[in-house]
Amino acid sequence: MTVLLVLVGGMIGAPARYLTDRFVQARHDSVFPWGTLAINVAGSALLGFLLGAQRHLGLPAHLVDLLGTGFCGAYTT
């Protein structure tokens, strides 16, 4: 079940990364990869929030697998 959750999260995270990168880069004329920076900061913040919610609020492990490992993994890679 864990593998399936990670797979589904990755299927959502990878296109989200591409679309977010294109959206951010289209608004900047420099060669600096602003899209990559924005994605990595947002993905890291989301992962930190998820792990904190798991520890302190009792977020179920399957949601951390789906969103943390799957989505954030594909989104920030």
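Our subject is the structure listed above.
Structure report, in brief. All of these numbers come straight from a predicted model, not from anything done at the bench.

1. Brief notes about the pattern of salt bridges
What the rule picks out here adds up to one salt bridge. With a shortest N-O distance of 2.8 Å, D21 and R22 are connected by a salt bridge. Exposure remark for D21: the relative accessible area of 16% places this residue in the buried category. Judged by its relative accessible area of 42%, R22 falls in the partly exposed class.

2. Section: the packing of helix α1 (residues 2-25) against helix α3 (residues 61-76)
Two elements in contact, α1 and α3, have axes whose closest approach is 6 Å; the angle formed by their N-to-C orientations is 35°. At the point where α1 passes α3, the crossing takes the right-handed sense. Judged by residue contacts, T2, L5, V6, V8, G9, G10, I12, G13, A14, A16, R17 and T20 of α1 engage H62, D65, L66, T69, G70, F71, A74, Y75 and T76 from α3. Looking at the contact of α1 with α3, its residues break down into ten nonpolar, nine polar and two charged.

3. Considering the nonpolar core
I39, L50, F71, C72 and Y75 form the largest nonpolar core, which has five residues in total. Counting residues per element, the ones that place at least two in this core are α2 (34-57) and α3. Among the elements that line this core, the one with the most residues is α3, at three residues. Residues within four places of C72 in sequence aside, it is in contact with G43, L46, L47, L50 and L67.

4. Quick notes on the packing of α1 against α2
Running from N to C, α1 and α2 cross one another at 130°; their axes reach a closest spacing of 8 Å. Comparing the axis directions of α1 and α2 gives the class oblique. By crossing handedness, the relation of α1 to α2 is classed as right-handed. Facing α1, whose interface residues are R17, T20, D21, V24 and Q25, α2 presents W34, G35, T36, A38, I39 and N40. Tallied by class, residues from the contact of α1 with α2 come to four nonpolar, five polar and two charged.

Cut-offs and rules
Residues numbered from 1 in each chain as written. Predicted model: local features only at pLDDT ≥ 70, side-chain atom pairs only at ≥ 80, totals over all residues. Heavy atoms only, no water. Salt bridge = Lys/Arg side-chain N within 4 Å of Asp/Glu carboxyl O. Buried < 20%, exposed > 50% of the residue type's maximum accessible area, 1.4 Å probe, protein only. Axes fitted to C-alpha atoms, helices over the stretch in contact; angles between N-to-C directions. Helix = DSSP H or I, 4+ residues; strand = E, 2+ residues; numbered from the N terminus. Left-handed = near helix turned anticlockwise from the far one by under 90°. Contact = heavy atoms within 4.5 Å. Nonpolar A, V, L, I, M, F, W, Y, C, P; charged D, E, K, R; others polar. Core = buried A, V, L, I, M, F, W, Y, C linked by side-chain atoms within 4.5 Å. Parallel < 35°, antiparallel > 145°, perpendicular 65-115°, else oblique.

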